[in-house]
Amino acid sequence: MPLGLGFSLPALSPAQAATSAWAENAGGRMRLVALSPDDNGKIRAGLQIEPNAGWITYWREPGNTGIPPQIVIAPGTGVTLDKISYPIPKHIKSDEIDDVGYDAPVTLPLTLSAKSGVTEIKAQAFIGICKDICVPFQADLTVALPAAGQSQPQEEAILDAAEARLPEASSSEFKVTEHTLSPDRTELKLDITLPDIGDTTPDVIVAGPSGYVFTKQLMSKRDGTALTTTVAIGKLPRNYDISGKSWSALVIDGARAIESPLAFD
């Protein structure tokens, strides 16, 4: 398993970037990008992944063969990971694969919290990156944080672009209005309001219990901005009780997408 070695930077000059070194393997490269902590100790950061041509990496629920991204902050460093966010992925399918991920460069936005006086982030990232085979890719990444208030236009542009690719919040013009699971739990019917009139069928990706994702649409009918679709629900965990659980539906309609929670009574 390839291991990219991180490093600590000396005191930053304005010309130096608040990024780790690139870690590389056969399928691509990745690095950590970060801004200085704000007044509340919050840090905007991102895991920047660049697959090589023909390779893919994965969303948080990757499909039938992938590896979801994992990021661990070194303990005892005064930094904690609050949240990983995921830009809109692609449903990548062929005769052999049915995956959810990215076939182009992507940055996963991270929200971190730091104690006062923290000067660096030490993290270990683990992703899957695949072409004909899947290669586990692990790297230790270290970023020296710039002083508060220091201008970071390059890093801000990277993180702003990543956040602009996140699914938008549900709204009156784009939302899941109803969801119904069949009594035998093999089909999930969704009624969805779409933002624009069209004649294409949006991709609907249902993330169920952790480690389970469902992408096969059995029936879809679009009438203007109204979509009714049924998603096949594959095998669930043994003795799984759905009562009180919450799944999510990622609805991708062209360049726009929402991810909506699906609560089950």
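Up top is the structure these notes are about.
Residue numbers here run from 1 along each chain, matching the order of that chain's written sequence. Selection of residues for local features in this predicted model requires a pLDDT of at least 70, selection of side-chain atom pairs for listing and counting requires 80 or more, and totals for whole chains, interfaces and linings are taken over all residues. As a convention, hydrogens and water are excluded, and side-chain values are obtained from all of the structure's heavy atoms.

*Asks:* Tell me what's going on with the overall build of the chain, and back it up with residues and numbers.
*Replies:* Helix numbers and strand numbers start at the N terminus; a helix is a DSSP run of H or I with at least 4 residues, a strand a run of E with at least 2. In terms of regular secondary structure, the chain is built from one helix and 20 strands. Since a compact globule built from 265 residues should have a radius of gyration of about 18 Å, the 20 Å found for the chain is in line with a globular shape. When its C-alpha atoms are laid out on the principal axes, the chain stretches across 60 × 40 × 35 Å. For each residue, the accessible area found with a 1.4 Å probe, counting protein chains only, is set against the maximum for its type, and the residue is called buried under 20%, exposed over 50%, and partly exposed in between. Within the chain, the proportion of its 265 residues that are buried is 46%. In this analysis, two residues are considered to be in contact whenever any of their non-hydrogen atoms come within 4.5 Å of each other. When contacts within the chain are restricted to residue pairs at least 6 apart in sequence, long-range pairs at least 24 apart make up 64% of them. Here the open area of atoms and residues is found with the Shrake-Rupley method and a 1.4 Å probe, where only the protein chains shown may cover a residue. Carbon and sulfur atoms make up 50% of the accessible area of the chain, which totals about 13,100 Å². On the chain, the mean spot of the 22 positive side-chain charges and the mean spot of the 32 negative ones are 3 Å from each other. Only C-alpha atoms enter the radius of gyration, while the globule expectation follows 2.2 Å times N to the 0.38, with N the number of residues. Counting rule applied: Lys, Arg positive; Asp, Glu negative; His and chain ends not counted. One atom stands in for each charge, and that atom is NZ of Lys, CZ of Arg, CG of Asp or CD of Glu.

*Asks:* Kindly report on the sheet that holds strand β10 (residues 106-114), identifying the contributing residues and their values.
*Replies:* Each pair of strands is called paired provided DSSP finds at least two bridges between the two strands. Taken together, five strands build an open sheet; the order of strands is β2-β3-β4-β10-β7 and the sheet is antiparallel. Of all the strands in the sheet, just β2 (23-25) and β7 (79-84) have a single pairing partner and so form its edges. Within this sheet the neighbouring strands show an average axis-to-axis angle of 25°, counted without direction. Of the strand pairs in this sheet, β2 and strand β3 (residues 28-34) are connected by three bridges, and their pairing is antiparallel. The residue of β3 that forms the bridge with Asn25 is Gly28. Each axis is a line fitted through C-alpha atoms, taken for helices only over the stretch in contact, and angles between the N-to-C directions span 0 to 180 degrees.

*Asks:* Outline the nonpolar core, supporting the account with residue identities and numerical values.
*Replies:* By size, the foremost hydrophobic cluster in this structure holds 41 residues, and its most contacted members are Met30, Ile43, Leu47, Trp59 and Ile121. Beyond its immediate stretch of four places on either side in the chain, Ile121 contacts Leu32, Ala34, Ile43, Ile73, Leu112, Leu141, Thr142, Val143 and Leu145. What is meant by a nonpolar core is a set of buried Ala, Val, Leu, Ile, Met, Phe, Trp, Tyr and Cys residues, joined one to another through side-chain atoms within 4.5 Å. Leu194, Ala249, Leu262 and Phe264 belong to the second-largest nonpolar core, a separate cluster that totals 22 residues.

*Asks:* Explain the side chain of Arg31 to me, and be specific about the residues and the numbers.
*Replies:* Structurally, the position occupied by Arg31 is in strand β3. Glu50 is the oppositely charged side chain nearest to the buried, salt-bridge-free Arg31, at an N-O distance of 6.3 Å. Distance and chemistry together define a polar contact, namely a pair of N or O atoms within 3.5 Å, with one atom able to donate a hydrogen and the other to accept it when in protein, and with adjacent residues in sequence counting only for side-chain atoms on both sides. In this structure the side chain of Arg31 is engaged in a polar contact, spanning 2.7 Å, whose partner is the side chain of Gln48. If near-sequence neighbours (up to four positions away) are discounted, Arg31 is found in contact with Thr19, Ser20, Ala21, Trp22, Gly46, Leu47, Gln48, Leu141, Gln154 and Ile158. Whenever Lys or Arg places a side-chain nitrogen within 4 Å of a carboxyl oxygen from Asp or Glu, that contact is recorded as a salt bridge.

*Asks:* For the state of the cysteines, give the residues involved together with the corresponding values.
*Replies:* We call a pair of cysteine sulfur atoms a disulfide when they lie within 2.5 Å. In the structure shown here, the tally under the stated rule is one disulfide. Sulfur-sulfur distance for the disulfide between Cys130 and Cys134 comes to 1.9 Å. Handedness here is read from the sign of the S-S torsion; for Cys130 and Cys134, about 115°, the answer is right-handed.

*Asks:* So what's going on with the side chain of Thr57? Residues and values would help.
*Replies:* The topology assignment puts Thr57 in strand β5 (residues 56-63). For Thr57, a relative accessible area of 1% puts it in the buried group. Within the structure, the side chain of Thr57 is placed 2.8 Å from the backbone oxygen of Gly128, a separation counted as a polar contact. Aside from chain neighbours lying at most four places away, what touches Thr57 is Ile49, Pro51, Gly101, Tyr102, Val106, Ile127 and Gly128.

*Asks:* Outline helix α1 (residues 153-164), listing residues and values.
*Replies:* Any helix carries an expected span of 1.5 Å times its number of residues minus one. Compared with an ideal rise of 1.5 Å per residue, which puts twelve residues at 16 Å, α1 spans 16 Å between its outermost C-alpha atoms and is within 8% of the ideal. Buried within α1 we find Glu155, Ile158, Leu159 and Ala162. Each buried residue of α1 sits inside an arc of 90° when the element is viewed along its axis, so together they form one side. Counted as exposed and oriented over 90 degrees from the buried face of α1: Pro153 and Ala164. In this context, the arc is that of the directions from the helix axis out to the C-beta atoms.

Spatial relationships are all this shows, so hold off on functional conclusions.
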